[in-house]
Amino acid sequence: MSWDFETDPEFQEKLDWADEFVREEVEPLDLVWPGLEFTPLDEARRAVVEPLKAEVRRQKLWATHLGPDLGGEGYGQLKLSLLNEILGRSSWAPIVFGCQAPDTGNAEIIAHYGTPEQKERYLRPLLEGEIFSCYSMTEPHAGSDPTMFTTRAVRDGDEWVIQGWKFFSSNAKTSTFLIVMAVTNPDVSPYKGMSMFLVPSDTPGIEIVRNVGLAGEPEDEGSHALIHYDDVRVPADALLGGEGQAFAIAQTRLGGGRIHHAMRTIGLARSAFDQMCERALSRETQGSLLADKQFVQGYIADSYAQLTQFRLFVLYTAWSIDRHNDYRKVRKDIAAVKVLMPGVLHDIAWRAIQVHGALGVSNEMPFHRMLLGASVMGLADGPTEVHKVTVARQVLRDHSASDDLWPTRHLPKLREAARAKYAERLEHEVGNL
Ligand SMILES: Cc1cc2nc3c(=O)[nH]c(=O)nc-3n(C[C@H](O)[C@H](O)[C@H](O)COP(=O)(O)OP(=O)(O)OC[C@H]3O[C@@H](n4cnc5c(N)ncnc54)[C@H](O)[C@@H]3O)c2cc1C
């Protein structure tokens, strides 16, 4: 029997170390270099960030989810989950610990599907944290439904020529290479007619038309590129995996990305929760602490229950991924966690705002970004509605229809069957009356 909710003491020590390290050394980076703009290769940032990364490596916490063959520690997803709960508090922490999106997902698919040459060229420096990558899949006219994508890659001798538009390609402007999904065979089902390409970001024909920002960010300083691929030529060996394999690859890529976001969301939501509790215990109004008001107690109780439920579900899902070693086998739970994630973050951040009053909505507290983050979580890597459909379909596979007009648990039917089963005993009772 092993059904345990405790962390190994040795790993707990590492988590304790990470907790303090992130608080003392990494969270301050969010204040001096805020936002999701990652360019640690510039001299000033490199000078600060590289020694922190070295310390993380010394502690054996660098890219923990990857196997030693890929420069990680091979701790798997469950341990990554416990670590990510800490890293989720800070935008910079995943970079310092070698597990930031979108690079983790991109690294995983190159590790799975890349050739030795592709691994040497892209994966090694990516895992070393020397370069950044971009995943370029969504198109301006179609996001949730990849079967509508129209970006084409046509074979021309030893080359592929890519033509089309992509939207919201995060970090394209700081990336060294892009992973581009394109139609390679329009005559078959889109599930078999699309392929992935590894495309260096400086390839002629790649035009970043604008860098779209999230709400509140300055215009054209955002991180999510609208890209025109205009006759972009790449060699035949730029193909990642086999021709027509894009959907299978995307499933691997997005499965990891989604659960990693969920792990970090626990950290962010817990930070809002802790701040709410502190404020409730610090602020007095109408003769008592906020902590003594029933409405506020309700906020705290609901938030605690919501966060704990979500955390246990994420940990269980991470454990299942380690067990099956295949994201696809855990698709239902990854999708369910993805569905819950925006609601948990939204609700807890909203209550934290409310308990802080005017200060809560001000730009002197971090909550408004969490609310926006909750909306982002409901869209990035696929909208909530689509994931609900996935959950429902997967759930229904484990159920079957009634073969009768009446439901299986229809009480009159069950009662009749039960009476028939005990008919003799019932007759005896009646006879004795
Ligand atoms: C911060 C952020 C970063 C992102 N980074 C990347 C990236 O790096 N690379 C990349 O390729 N993409 C990226 N995306 C894009 C993301 O994957 C898409 O936004 C997402 O797939 C939804 O596509 P869409 O925005 O075109 O919405 P649409 O497809 O237009 O959908 C709009 C809405 O329609 C509804 N809807 C859609 N389908 C269904 C359905 N089947 N049933 C019911 N309702 C439905 C939902 O309410 C949905 O939100 C990012 C998005 C965000 C917000």
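Higher on the page you've got the structure.
Residues numbered from 1 in each chain as written. Predicted model: local features only at pLDDT ≥ 70, side-chain atom pairs only at ≥ 80, totals over all residues. Heavy atoms only, no water.

Q: Teacher, can you tell me more about the nonpolar core here?
A: A general trend in soluble globular proteins is that nonpolar side chains are found buried together. Counting 92 residues, the largest nonpolar core has Val96, Phe97 and Met196 as its most contacted members. With 14 residues, helix 8 (residues 246-282) is the single largest residue contributor to this core. When residues no more than four places from it in sequence are discounted, the contact partners of Val96 are Phe21, Val26, Leu29, Val49, Leu52, Lys53, Val56 and Trp62. Counting residues in each nonpolar core, the second largest holds 18 residues, with Ala182, Val199, Ile206 and Val232 among its members. (Core = buried A, V, L, I, M, F, W, Y, C linked by side-chain atoms within 4.5 Å. Buried < 20%, exposed > 50% of the residue type's maximum accessible area, 1.4 Å probe, protein only. Helix = DSSP H or I, 4+ residues; strand = E, 2+ residues; numbered from the N terminus. Contact = heavy atoms within 4.5 Å.)

Q: Can you walk me through the side chain of Ser136 in this structure?
A: Looking at where Ser136 falls in the secondary structure, it is placed in strand 1 (residues 133-136). A residue is classified by how much of its surface remains accessible, and Ser136, at 0% relative accessible area, is buried. A distance of 2.8 Å separates a polar atom in the side chain of Ser136 from a polar atom in the side chain of Ser169. Excluding residues within four positions of it along the chain, Ser136 makes contact with Lys166, Ser169, Ile179, Val180, Met181, Ile227 and Tyr229. (Polar contact = N/O pair within 3.5 Å; in protein donor to acceptor, adjacent residues only side chain to side chain.)

Q: I keep staring at a nonpolar patch on the surface and nothing clicks. Help me out?
A: Taken together, the side chains of Met1, Trp3, Phe5, Leu312, Tyr316 and Trp319 define a hydrophobic patch exposed on the protein surface, amounting to about 790 Å² of accessible area. Judged by its relative accessible area of 55%, Trp3 is exposed. (Patch = residues over 30% accessible without salt bridge, like charges linked within 9 Å, V, L, I, M, F, W, Y side chains within 5 Å. Areas by Shrake-Rupley, 256 points an atom, 1.4 Å probe, with all protein chains shown as cover. Salt bridge = Lys/Arg side-chain N within 4 Å of Asp/Glu carboxyl O.)

Q: Please explain the environment of Phe97 as it appears in this structure.
A: Relative to the helices and strands, Phe97 resides in the loop between helix 4 (93-96) and helix 5 (103-113). When its relative accessible area of 0% is taken as the criterion, Phe97 is described as buried. With 43 residues separating them along the chain, Phe97 and Ala54 place their C-alpha atoms 9.5 Å apart. Setting aside residues no more than four positions away along its own chain, Phe97 makes contact with Trp17, Ala18, Phe21, Val22, Val56, Leu61, Trp62, Ala63, Leu83 and Leu87.

Q: Could you clarify how one ought to interpret the pairing of strand 1 in this entry?
A: Each regular strand carries side chains that alternate between the two faces of the sheet. Burial of strand 1 is two-sided: the residues Ser133 and Tyr135 facing one way and the residues Cys134 and Ser136 facing the other way are all buried. Both strand 1 and strand 4 (residues 177-183) contribute to a ladder of four bridges, which runs parallel. When the sheet's bridge partners are listed, Tyr135 is paired in strand 4 with Ile179. (Pairing = 2+ DSSP bridges.)

Q: Just checking my understanding: could you explain the layout of surface pockets for this structure?
A: Unoccupied space between atoms shows up once a probe the size of one water molecule is rolled over them. Put simply, the second largest pocket is a space of about 690 Å³. Elements with a contribution of two residues or more to the lining of the second largest pocket: helix 1 (9-32), helix 3 (76-87) and helix 9 (294-324). In terms of residue count, the dominant contributor to the lining of the second largest pocket is helix 9 (five residues). Taken together, the residues of the lining of the second largest pocket break down into eleven nonpolar, two polar and five charged. (1 Å grid on protein atoms, 1.4 Å probe; cavity = no way out; pocket = protein on both sides within 12 Å on 5 of 7 lines; lining within 4 Å. Points joined across faces, edges and corners; volume = space filled by probe spheres on them. Nonpolar A, V, L, I, M, F, W, Y, C, P; charged D, E, K, R; others polar.)

Q: Looking at this structure, I do not really get the site of the ligand. What am I missing?
A: In the neighbourhood of the ligand, 16 residues make up the surrounding shell, with Tyr135, Thr138, Ser144, Ser170 and Glu385 lying closest. Interatomic distance of 2.7 Å between a side-chain N/O atom of Glu385 and an oxygen atom of the ligand. Protein chains shield 64% of the accessible area of the ligand, which is 970 Å² for the free molecule. Elements that contribute at least two residues to the shell around the ligand include exactly strand 3 (159-170) and helix 13 (384-397). Residues belonging to the shell around the ligand are distributed by class as follows: eight nonpolar, six polar and two charged. (Near = heavy atom within 4 Å.)

Q: What is the right way to look at the packing of helix 1 against helix 3 in this model?
A: Two measures define how a pair of helices packs: the angle their axes make with one another and the distance between the axes. The N-to-C vectors of helix 1 and helix 3 enclose an angle of 20 degrees; their axes lie 9 Å apart at closest approach. As summarised for this structure, helix 1 and helix 3 are arranged roughly parallel, according to the angle between their axes. Crossing angle aside, the handedness with which helix 1 passes helix 3 is right-handed. Residues Phe11, Leu15, Ala18, Asp19 and Val22 of helix 1 lie in contact with helix 3, whose contacting residues are Lys79, Leu82, Leu83, Ile86 and Leu87. (Axes fitted to C-alpha atoms, helices over the stretch in contact; angles between N-to-C directions. Parallel < 35°, antiparallel > 145°, perpendicular 65-115°, else oblique. Left-handed = near helix turned anticlockwise from the far one by under 90°.)

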